[in-house]
Amino acid sequence: MISSSTLSLSGLPPQSSPLIAGPTPEPKQTSHRPPEPDHRKLNKGSSQLIRWSRARAIRSGLKLDRPVQRPLLQNSEVIDPPVRRSGDGESSTSPSYSSDEEDGCVAEMEEAATGAKHIYMVSDGTGWTAEHSVNAALGQFEHCLVDRGCPVLTHLFSGIEDVEQLMEIIKQAAREGAMLIYTLADENMAASARHACKRWGVPSTDILSPITEAIALHLGVSPSGLPRGAPGRKFPLTEDYFKRIDAIEFTIKQDDGALPQNLHKSDIVLAGVSRTGKTPLSIYLAQKGFKVANVPIVMGVSLPKALFEVDQEKVFALTINPVVLQTIRRARSKTLGFAEEMRTNYSEMDHVRQELDFACKIFAQNPTWPVIEVTGKAIEETAVTVLRLYQDRKNRCSMPRISKRY
């Protein structure tokens, strides 16, 4: 049972809620206002929220190239830090965190000062579904995200299986004016999130429940309500599992044109000039169970005969815009330690264009190979194109599709 103190939010009167069992006092007639921070001790778990947010910021590459402005913590006039409390319950403008936690607080306060909109993603599993759904939706707002016209800061909270943790996250979202996106397999947890968000005025979206309910109705079977990886769920080592392992091992050995005599064993063969994304695309496809080989195209180097002897319908050509390719190669040269004054034709525009023209002539001589433009595409997008063409050819489908049996 959840006590009313767990659900109470600073600045909000206690109300009757489906989350609280037993009678509750009559609510006071006060105007509904967004929760305002106070100087009381924050509930247990706030330090965990600090670490979660800091880890998320680090993974996102935020504020890593800026020096930490520690004086901000001493100046309450610059940014009011009441959300972060010291451990003794007293209000403090210089909380007694460790240096790492303090750095995380500074990064968060700096980010808040920019006026970024916050999106909280909560999951009882890995959070993969919520994170990718939000990323896909944010892709529709590139016109204002690119120039920071509407900056967004996302926070992922994964493995949340306790209601108290969930309530703490939602209260924090209410304080920051964030919206909540959640994927909670447990119906009670999802209901708790829904009622708490409604109670505290947090805009929220349940991604998983509508889809689960629709599939349950279609199958005529009730869902288990258990997240992936829960103790009650069993995942036996199936044939598909060992197939993926074999595919990954094969793909690693066949990287960058190695062992051309094994090309006939591959499911998919990728061909293209250097830095067109052959290796990451190969690994991504291998994780889906496909044995992939990739063959680099280099001027002055003959392609292996085996490339033209294998089934030509499983060969896919990759090409890219020359300006983008030059940018990628210049970045690659820096990682290899080449100084600016060290001239190399690897990233020179003339050489880049000549190499792409050379590859295009080879593609034209082999019209069976589909030529896929990878400029501006994520690995996942290119993989979808490859798999759709692969399965269309293999199954002779009249309508493009990517099929998978469960």
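Just so you know, these numbers come straight off a predicted model, no measurement behind them.

**Topic: the pattern of salt bridges**
Here comes step 1: Counted by the stated rule, this structure contains 2 salt bridges.
Here comes step 2: Between Lys-171 and Glu-168 there is a salt bridge; the shortest N-O distance is 3.9 Å. A residue pair is termed a helical-turn pair when its members lie 3 or 4 positions apart in one helix, as Lys-171 and Glu-168 do in helix 6 (residues 163-176) at 3 residues. Each member of the pair, Lys-171 as well as Glu-168, carries the same accessibility label: buried.
Here comes step 3: Here Arg-329 ties to Glu-355 by a salt bridge, and the two come within 2.4 Å at their closest N and O atoms. You can see Arg-329 sitting in helix 12 (residues 322-335) and its partner Glu-355 sitting in helix 13 (residues 349-365), a full 26 residues away along the chain. The exposure classification of Arg-329 matches that of Glu-355, with both residues buried.

**As for the state of the cysteines**
Here comes step 1: Enumeration over the complete set of coordinates arrives at 1 disulfide.
Here comes step 2: Residue Cys-144 pairs covalently with Cys-150 via a disulfide, S to S 1.9 Å. As the torsion about the S-S bond is roughly 60°, the Cys-144-Cys-150 disulfide counts as right-handed.
Here comes step 3: The buried category is assigned to Cys-144, whose relative accessible area is 15%.

**Notes on helix 10 (residues 278-286)**
In an α-helix there are 3.6 residues to a turn, and that puts residues three or four apart on one side.
Here comes step 1: Where helix 10 is concerned, the buried positions are Lys-278, Leu-281, Ser-282, Leu-285 and Ala-286. End-on, the buried residues of helix 10 take up no more than an arc of 135°, which puts them together on one face.
Here comes step 2: Tucked into the core, helix 10 has its buried residues touching helix 9 (239-253), strand 5 (268-272), strand 6 (292-296), strand 7 (315-319) and helix 14 (379-395).

**With respect to the sheet that holds strand 1 (residues 117-123)**
Strands in a sheet are paired, the pairing made by backbone hydrogen bonds, and the direction either parallel or antiparallel.
Here comes step 1: Pairing within the open sheet is parallel, and its 4 strands lie in the order 2-1-3-4. The sheet is open, and its two borders are formed by strand 2 (152-157) and strand 4 (204-206), each paired with just one other strand. Averaged over neighbouring strand pairs, the angle between their axes works out to 15° when direction is ignored.
Here comes step 2: Pairing of strand 3 (residues 179-183) with strand 4, which is carried by 3 bridges, proceeds in the parallel orientation. Bridging across to strand 4, Leu-180 finds its partner in Ser-204.
Here comes step 3: Taken strand by strand, helix 7 (residues 187-200) contacts strand 3 and strand 4, and its axis lies near 170° from that of strand 3.

Conventions we followed
- Residues numbered from 1 in each chain as written.
- Predicted model: local features only at pLDDT ≥ 70, side-chain atom pairs only at ≥ 80, totals over all residues.
- Heavy atoms only, no water.
- Salt bridge = Lys/Arg side-chain N within 4 Å of Asp/Glu carboxyl O.
- Helix = DSSP H or I, 4+ residues; strand = E, 2+ residues; numbered from the N terminus.
- Buried < 20%, exposed > 50% of the residue type's maximum accessible area, 1.4 Å probe, protein only.
- Disulfide = S-S within 2.5 Å.
- Arc of directions from axis to C-beta.
- Contact = heavy atoms within 4.5 Å.
- Pairing = 2+ DSSP bridges.
- Axes fitted to C-alpha atoms, helices over the stretch in contact; angles between N-to-C directions.

Everything listed here is a matter of coordinates, which is why it stays silent on function.
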